[in-house]
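Residues per chain, in single letters:
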Amino acid sequence: MQTVTRNHIATALERLPRFRLSHLDTPLEDAPRLRRAIEATIPVAANESRNGKTNSLAPRILIKREDTTGLAFGGNKGRHFEFTTAHILENGYDTVINVNDYHSNQARFIAAACARAGLRYILVSLDNLDEPLTGNLLLCKLMGTEIHRVPADYADKMVDRLKDDLVAEGKKPFVLPREKIVDLSGVYGFVEAGLELEHQLHEIGVTGPVRFWGLGGRSISGVRLYAKNRGLPWSATAVMYSPGAEETFNEIAARRSQGVAERLNLPYALEEGDLDLLTEYTGPAYGVPFDGVFEAMYMAAKSEALILDVNYTGMAMAALIGEIREGRVDPSVPVVFLHTGGLPQVFAFAEEISDFSSSFSSPDLSGD
Ligand SMILES: Cc1ncc(COP(=O)(O)O)c(C=O)c1O
């Protein structure tokens, strides 16, 4: 299998236009107390029947701290939008129109990027019309966003109207979800995270197989694409966060990675099977968390002071805990959990998070 060097990938990334927004490299941290907390919740009987002795049931867990990219509460979009913002500026756009869900981290991060780049930003925020202005949406407001809250089925009309008005005023609007660069930039960002991770893992002596764990999207795809083109023994589990066909996800991941591979001159794109998809942790609907998410948030916070969010990273951790309990995660292969951020939405779920505390029994880690 023909692979490429680190230098090849680094040089190809350096050639891309870029507008710096993030504090990089992000740390890679061990989470031994979280590992023990998870193990403490696995019934002893399962332990004995699987091993005949009390070996570890949970793998070593490392956390890639993408929540610490810094700008406006950080998160994975810090990497994504360095490339998108440069593209917007280079092409002379003066206004960004974006359409996103009420909970959207992306909406917040584009507000941050626009504030830094001096661009006007208009957000069409979908549904949840009676929900308070809090979390990400509140931060958008603070950063100068013009917010239009509309039902989802009115979004296209709203965007067309906004765009036509701007053009009539002589402006040049960039309509975010309709532009291809947005699809590619997150994958570029996480191919670069791959460069960091290979180095960081090497530094701590982890040179064999590793399983990456994150939400199904551009970030985990970028890391897997990096590994494939470097010939590294890294596998990846992508936890789906909203209901939808696996095939559609595989097609999108393949198409995005194809575009990135062409631009970075990489021999391989992603194919079906490169990402192991987990579809059983989506919960009832996007933005509606289930108890496993709250449990995961409490476990991570109490054991490692690791704050996860309700819609994304809490779900990815709930999936990791669930799969470890089921004995479906190889304990001999370290897991690198991509903490992709999403922190501001924690506050939008204050009541639910607080209510759950009485159902959570904390594993006893005293003395550890
Ligand atoms: C915090 C967070 N993690 C993960 C994702 C998954 O998608 P992607 O990797 O494409 O950003 C999202 C999507 O919005 C997100 O907000």
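The structure displayed is predicted, hence computed values, not measured ones.

A. Broad picture of the overall build of the chain. Helices and strands together make up the secondary structure of the chain, namely 13 helices and ten strands. By the compact-globule yardstick of 21 Å for 368 residues, the chain fits well, its C-alpha radius of gyration being 21 Å. Overall size of the chain, expressed as C-alpha extent along the three principal axes, is 75 × 55 × 35 Å. Per-residue burial for the chain yields a buried fraction of 45% across its 368 residues. Of the contacts formed within the chain by residues at least 6 apart in sequence, a portion of 80% connects residues at least 24 apart.

B. Up close: the domain arrangement of the chain. The domain architecture assigned to the chain consists of domain 1 (6-75 + 182-359) and domain 2 (77-178). The distance between the C-alpha centroids of domain 1 and domain 2 comes to 26 Å. Examining the composition of the side of domain 1 that touches domain 2, we find that eight residues originate from one element, helix 8 (residues 180-203), more than from any other. The residue makeup of the side of domain 1 that touches domain 2, split by class, is 14 nonpolar, 13 polar and four charged.

C. Summary view of the site of the ligand. Around the ligand sit 14 residues in total, of which Gly 217, Arg 218, Ser 219, Thr 340 and Gly 342 are the nearest. For the shell around the ligand, the elements supplying multiple residues, two or more each, are helix 5 (105-117) and helix 9 (218-230). Class assignment for the residues of the shell around the ligand results in two nonpolar, eleven polar and one charged.

D. Local environment of the sheet that holds strand 2 (residues 61-65). Here we have six strands laid out as an open sheet, ordered 1-2-10-7-8-9, and mixed in their pairing. Looking along the sheet, the strands with just one partner apiece sit at the ends: strand 1 (28-30) and strand 9 (276-278). Strand-to-strand twist in this sheet, taken as the mean axis angle between neighbours without regard to direction, amounts to 25°. With five bridges connecting them, strand 2 and strand 10 (residues 335-339) associate as parallel partners. Residue Ile 63 lies in a different strand from strand 10, and its bridge partner there is Phe 337.

E. Examining the sheet that holds strand 4 (residues 120-126) more closely. Taking strand neighbours across the sheet as the criterion, the four strands line up as 5-4-3-6 in an open arrangement whose pairing is parallel. Every interior strand has two partners, whereas the edge strands, strand 5 (146-150) and strand 6 (173-175), have only one. Adjacent strand axes in the sheet meet at a mean angle of 20° when their direction is disregarded. As paired strands, strand 4 and strand 5 are joined by five bridges and run parallel to one another.

F. Structural context of the environment of Met 317. If you trace the backbone, Met 317 turns up in helix 12 (residues 313-325). On the neighbour-count criterion, Met 317 (29 C-beta atoms within 10 Å) is buried. The spatial distance from the C-alpha of Met 317 to the C-alpha of Leu 338 is 9.7 Å, given a sequence separation of 21 residues.

G. Layout of helix 11 (residues 291-304). Here helix 11 spans 20 Å end to end across 14 residues, near enough to the 20 Å set by a 1.5 Å rise per residue. Turning to helix 11, its buried residues are Val 293, Phe 294, Glu 295, Ala 296, Met 297, Tyr 298, Met 299, Ala 300 and Ser 303. The elements touched by buried residues of helix 11 are helix 2 (32-40), helix 12 and helix 13 (350-356). Among the residues trailing helix 11, Ala 305 stands out with phi positive, at a value near 55°.

H. Looking closely at the pairing of strand 10. Summarising burial for strand 10: five of the five residues are buried, a large majority. Here strand 10 shows no split at all, with Val 335, Phe 337 and His 339 on one side and Val 336 and Leu 338 on the other all buried.

I. A look at the pairing of strand 3 (residues 95-101). Counting buried positions along strand 3 yields six of seven residues, so the element is predominantly enclosed. Of the strand pairs in this sheet, strand 3 and strand 4 are connected by seven bridges, and their pairing is parallel. When the sheet's bridge partners are listed, Asp 101 is paired in strand 4 with Leu 126. In this region the chain leaves strand 3, passes through helix 5 and returns to the parallel neighbour strand 4; the handedness of that crossover is right-handed. Here strand 3 runs beside strand 6; their pairing, made up of three bridges, is parallel. Along strand 6, the bridge assignment pairs Ile 97 with Val 175.

J. Looking closely at the packing of helix 8 against helix 10 (residues 246-264). Contact geometry for helix 8 and helix 10: axes closest at 9 Å, N-to-C directions at 65°. Read as a crossing pair, helix 8 and helix 10 show a hand that is right-handed. Across from Asp 183, Leu 184, Val 187, Tyr 188 and Val 191 in helix 8, the residues of helix 10 making contact are Arg 256, Ser 257, Gly 259, Val 260 and Leu 264.

K. Layout of helix 7 (residues 155-168). Taking 1.5 Å of rise per residue, the 14 residues of helix 7 would be expected to cover 20 Å, and the 20 Å separating its terminal C-alpha atoms lies within 8% of that figure. Along helix 7, only one of the 14 residues are buried, which leaves the element largely exposed. Of the residues flanking the end of helix 7, it is Gly 170, one or two places downstream, whose phi is positive at about 85°.

Criteria and thresholds
- Residues numbered from 1 in each chain as written.
- Predicted model: local features only at pLDDT ≥ 70, side-chain atom pairs only at ≥ 80, totals over all residues.
- Helix = DSSP H or I, 4+ residues; strand = E, 2+ residues; numbered from the N terminus.
- Rg over C-alpha atoms; globule rule 2.2 N^0.38 Å.
- Buried ≥ 20, exposed ≤ 12 C-beta atoms within 10 Å, placed from the backbone.
- Contact = placed C-beta atoms within 7 Å.
- Domains from an automatic or database assignment.
- Nonpolar A, V, L, I, M, F, W, Y, C, P; charged D, E, K, R; others polar.
- Near = placed C-beta within 6 Å.
- Pairing = 2+ DSSP bridges.
- Axes fitted to C-alpha atoms, helices over the stretch in contact; angles between N-to-C directions.
- Expected span 1.5 Å × (residues − 1).
- Right-handed = clockwise from strand over helix to strand, strands pointing away.
- Left-handed = near helix turned anticlockwise from the far one by under 90°.

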